[in-house]
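Structure assessment
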Amino acid sequence: MSARASYRDLVRITGPWFLLLAFFARLPAAMGPLGVITLVVAATGSYGTAGLAAAAFGVGAALGGPVTGALADRYGQRAVGIATAIVDAAAYAALVFAVTGGLSAAVLPLAALAGFAMPQVGPLVRVRWAVLLGDRGQQRRLPTAMAYEGAADEASFLAGPALVGILALSGWAGAPLLVGAALTVLAAVPFALHRTVPPVLRAPRADASAGPAAAELADAGRMPLSRVAVLVAAMSVIGIVFGATQTGVTAFADSIGSAGSAGLIYAVLGVGSAVAGLAVAWLPESLGPVSRYAWSAAALVGGSAALLLAHSTLTALAAVVVLGVTAAPYLISGYALAGRLCPPRRAGMVMTLLASGVVAGVSLGAAVAGRLADAYGHRGAFAVPLAAAVLGLLLAVLVTPGLRRAVHAADRADAVTSPHPASRSAALTSA
């Protein structure tokens, strides 16, 4: 089946407006960091204070993601999605009024709250795909769904900052965050209410008299801690690559006397990653999620190494395109593996943990690359993505056999517990 036909199938499953709704619901999260910086700099003139506020937003997001995921698993995406959207919109609005009103003591707590309460649209929509495709016995199409979601993430993180820039031209620095608050209510709340929301799933208790099938289904509800730890570590690698690359590109642009080109160069990475993400659907189905992860980890090393060859704007653009093309399959493979291996009733927490791993990696990569850029210039910063990618490849080599066994076990469990395509949900208790 062609990738175009696969994407049409996704639209048929969810309805024509769902993908657009999920995209707009992502935008406030993409607008947050730059919106906070724009607001605080305009009000205080201090980049240091703005950086602290943005860091508070990032820390809040990294901590809040798994909490939101765990609550969504326990109480359902609908209730948690509405609550987080309302709190997040209120935090954005309160932050604007705190900064413009000179309430400096409230800035960092409110920025942290805005990050903490951020609706986890990207991770939770991936949970929906895992459930929707699993219920239809179409688990092999999960990489296609993850490929689309990866491209949607990249597009949102290009469109979000661009929207902040456009709104900032209005002359009022608070406009981006207030628009973000409005978008949260207008898009994230309908997303939470959409018919694709999965039921709250609870695995039944194991009963020896019920036979091995019931026991295996009960085991499926347990959190696979070792697998989750591996996948979070893998996603932290790609976060380090992104964070360090952003810092390195900034240092590179400054070194060639074109500081303003940094944003353009890094945006090209997002474009390349989005296009490559959509193209992942063309990969043959016979190349399973574990093989895709291993090969994409190897390709990421090559993509990261290309950064060290940058010596002009043109070569830097070429290097980040190569990196974007190799980063997308890696990111998609990590989410696809999580969707295949995590128990349905813990899917929200697992997906948000992976997203928090990326966020934490971005912060770590940017910090380390910044220190090296001060000492050794942009080449020192660009060494960080390569080192992270090499470590990521070593991790992939070590864990691939175990992941392959886990996928085979999941396939056997599906065969035992879900002999018919639509029986997966019926085998679980919905509350």
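Residues numbered from 1 in each chain as written. Predicted model: local features only at pLDDT ≥ 70, side-chain atom pairs only at ≥ 80, totals over all residues. Heavy atoms only, no water.

The next point concerns the overall build of the chain. Of regular secondary structure, the chain possesses 15 helices and 2 strands. The buried share of the chain, reckoned over its 431 residues, is 52%. By sequence separation, contacts in the chain at least 24 residues apart represent 82% of the contacts at least 6 residues apart. Split by element, the accessible area of the chain, about 18,000 Å² in all, is 70% carbon and sulfur. (Helix = DSSP H or I, 4+ residues; strand = E, 2+ residues; numbered from the N terminus. Buried < 20%, exposed > 50% of the residue type's maximum accessible area, 1.4 Å probe, protein only. Contact = heavy atoms within 4.5 Å. Areas by Shrake-Rupley, 256 points an atom, 1.4 Å probe, with all protein chains shown as cover.)

Further remarks concern the environment of Ala 396. Structurally, Ala 396 can be placed in helix α15 (residues 378–417). By relative accessible area, Ala 396 is classed as buried at 1%. Separated by 105 residues in sequence, Ala 396 and Ser 291 have C-alpha atoms that sit 9.9 Å apart. If we skip the residues at most four places from it in the chain, Ala 396 touches Tyr 293, Ala 294 and Ala 297.

Quick look at helix α2 (residues 18–44) now. With 27 residues, α2 extends 40 Å from end C-alpha to end C-alpha; this agrees with the ideal 39 Å at 1.5 Å per step. Of all the bends in α2, the greatest, near 45°, is centred on Gly 32, and the proline Pro 33 appears no more than four residues after it. Immediately beyond the C-terminal end of α2, within one or two residues, lies Gly 45, with a positive phi of roughly 75°. (Expected span 1.5 Å × (residues − 1). Bend = angle between axes of the 7 residues up to and from the residue.)

Quick look at the packing of aromatic side chains now. Taken as a whole, this structure holds 4 aromatic pairs when the rule is applied. Ring centres of Phe 18 and Phe 191 lie 5.9 Å apart, and the angle between their planes is 20°; this geometry places the pair in the stacked category. Residue Phe 18 is found in helix α2, and its partner Phe 191 is found in helix α8 (residues 175–193); the two are separated by 173 residues along the sequence. A single burial state applies to Phe 18 and to Phe 191, both of which are buried. Relative to Tyr 92, the ring of Phe 57 lies with its centre 6.4 Å away and its plane at 10°, an arrangement referred to as stacked. With a gap of 35 residues between them, Phe 57 in helix α3 (residues 47–75) and Tyr 92 in helix α4 (residues 77–100) connect regions that are remote in the sequence. (Phe/Tyr/Trp six-rings, centres within 6.5 Å; stacked < 30°, edge-to-face > 60°.)

We now examine the packing of helix α6 (residues 121–135) against helix α7 (residues 142–168). To characterise two packed helices, one gives the angle between the axes of the helices and the distance between these axes. It is the contact of α6 with α7, at a shortest axis distance of 10 Å, that shows an interaxial angle of 160°. Taken together, the axes of α6 and α7 lie roughly antiparallel to each other. Relative to α7, the crossing made by α6 is right-handed. Every residue of α7 that contacts α6 at Gly 122, Val 125, Arg 126, Trp 129, Ala 130 and Leu 133 is listed here: Leu 142, Ala 145, Met 146, Glu 149, Gly 150 and Asp 153. Class assignment for the residues of the contact of α6 with α7 results in 7 nonpolar, 2 polar and 3 charged. (Axes fitted to C-alpha atoms, helices over the stretch in contact; angles between N-to-C directions. Parallel < 35°, antiparallel > 145°, perpendicular 65-115°, else oblique. Left-handed = near helix turned anticlockwise from the far one by under 90°. Nonpolar A, V, L, I, M, F, W, Y, C, P; charged D, E, K, R; others polar.)

Using the criterion set out here, one finds 6 cavities of 30 Å³ or more in the structure. In this structure, the second largest cavity occupies an estimated 70 Å³ of space. Within the lining of the second largest cavity, the residues separate by chemical class into 6 nonpolar, 5 polar and 1 charged. (1 Å grid on protein atoms, 1.4 Å probe; cavity = no way out; pocket = protein on both sides within 12 Å on 5 of 7 lines; lining within 4 Å. Points joined across faces, edges and corners; volume = space filled by probe spheres on them.)

Quick look at the pattern of salt bridges now. In the structure shown here, the tally under the stated rule is 3 salt bridges. Between Arg 26 and Asp 153 there is a salt bridge, and its shortest N-O distance comes to 2.7 Å. Of this pair, Arg 26 sits in helix α2 while Asp 153 is found in helix α7, placing the two residues 127 residues apart along the sequence. Residue classification places Arg 26 among the buried residues on the basis of a relative accessible area of 5%. Residue classification places Asp 153 among the buried residues on the basis of a relative accessible area of 16%. The partner of Arg 126 in a salt bridge is Asp 153, and the shortest N-O contact between them spans 2.7 Å. (Salt bridge = Lys/Arg side-chain N within 4 Å of Asp/Glu carboxyl O.)

Let's shift gears to the UniProt feature "transmembrane region" (unreviewed entry) in the chain. Mapped onto the present numbering, the UniProt feature "transmembrane region" (unreviewed entry) falls at residues 52–72, 175–193, 228–252, 264–283, 290–310, 316–338, 350–370 and 382–403. In the segment residues 290–310, helix accounts for 81% and strand for 0%; the C-alpha atoms at its two ends are 32 Å apart. What you have in residues 316–338 is 100% helix and 0% strand, and the ends, taken at the C-alpha atoms, are 33 Å apart. (UniProt positions renumbered as here; feature names shortened; annotations may be inferred.)

Along the chain, the position of Thr 196 falls in the loop between α8 and β1 (201–202). Each residue touching Thr 196, except ones within four places of it in the same chain, is listed here: Thr 14, Phe 18, Arg 128 and Leu 132.

Counting residues in hydrophobic clusters, the biggest one holds 87 residues, and the most contacted among them are Trp 129 and Leu 300. The residues contacting Leu 300, other than those within four sequence positions of it, are Val 237, Ile 238, Val 241, Leu 323, Thr 326, Ala 327, Tyr 330 and Ala 389. Grouped together as the second largest cluster of nonpolar side chains are 25 residues, Val 41, Ala 61, Val 107 and Leu 110 included. (Core = buried A, V, L, I, M, F, W, Y, C linked by side-chain atoms within 4.5 Å.)

In this structure, Thr 100 sits in helix α4. Among residues more than four places away in sequence, those in contact with Thr 100 are Leu 39 and Trp 172. At a separation of 2.8 Å, a polar atom in the side chain of Thr 100 contacts the main-chain carbonyl oxygen of Val 96. In terms of polar contacts, Thr 100 uses its side chain to reach the backbone carbonyl oxygen of Phe 97, at 3.4 Å. (Polar contact = N/O pair within 3.5 Å; in protein donor to acceptor, adjacent residues only side chain to side chain.)

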